[in-house]
Amino acid sequence: MKLTTRYPFSAAHRLHSNQLSEDANWAVYGRCNNPYGHGHNYWLEVTVAGEPDADTGMLVDRRQLDKCVSEEILSRVSHVNLNEQVEELKDLVPTTENVAYVFADWLKSGWGKHFKDGAVRFDRIRIYETRNNRFEIQANEVRQ
Ligand code: NI
């Protein structure tokens, strides 16, 4: 069984690759290459998997999940500049593709602190960047 919970967060970024010329950056990223950056109101969805506990009837303690997502992800990205203030993104273009890899990595490495018995697993995250774009990464696609 799976449960998905949604969390809003806001952050700023600028899409700019040091590997590309100024012209190429503009051609690829357009207005998202604006040197002053821009903000997004993102939604993060975290999906967990497992079996409901026989005594509680619940797959996961939602307060525990909220605490985990807040500590491992939201506290590090809420109202920050993703280019400047997130160490893991300093050498990456903070596209939502790259942001998804970083979030999944944080969640996977921090999971055991919050869910010690292993009964509930991190399954997938989705990040909605705009109303029209949603990015998704499975726990087994984490690169590290
Ligand atoms: Ni953007």
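Each value, and the rule that gives it
Residues numbered from 1 in each chain as written. Predicted model: local features only at pLDDT ≥ 70, side-chain atom pairs only at ≥ 80, totals over all residues. Heavy atoms only, no water. Helix = DSSP H or I, 4+ residues; strand = E, 2+ residues; numbered from the N terminus. Buried < 20%, exposed > 50% of the residue type's maximum accessible area, 1.4 Å probe, protein only. Contact = heavy atoms within 4.5 Å. Areas by Shrake-Rupley, 256 points an atom, 1.4 Å probe, with all protein chains shown as cover. Salt bridge = Lys/Arg side-chain N within 4 Å of Asp/Glu carboxyl O.

A. Geometry of the overall build of the protein. Along its length, the protein carries four helices and four strands. Reading the secondary structure of the protein in the N-to-C direction produces β-α-β-α-α-α-β-β. Its C-alpha atoms put the protein at 60 × 30 × 20 Å along the principal axes. In the protein, buried positions account for 45% of the 144 residues. The long-range share in the protein, meaning contacts at least 24 apart out of those at least 6 apart in sequence, stands at 70%. Looking at the protein as shown, the accessible area adds up to about 8600 Å², and 46% of this sits on carbon and sulfur atoms.

B. Geometry of the pattern of salt bridges. By the definition in use, this model includes ten salt bridges. Measuring nitrogen to oxygen at the nearest pair gives 3.8 Å for the salt bridge that ties Glu 72 to Arg 76. In this pair, Glu 72 and Arg 76 are both assigned in helix α2 (residues 62-77), four residues apart and thus about one turn of the helix distant. Overall, Glu 72 belongs to the buried group, its relative accessible area being 5%. Among the ionic pairs, Lys 90 bridges to Glu 87, the shortest N-O distance being 3.4 Å. Lys 90 gets classed as partly exposed once you look at its relative accessible area, which sits at 41%. Residue class for Glu 87 comes out exposed when judged on its relative accessible area of 57%.

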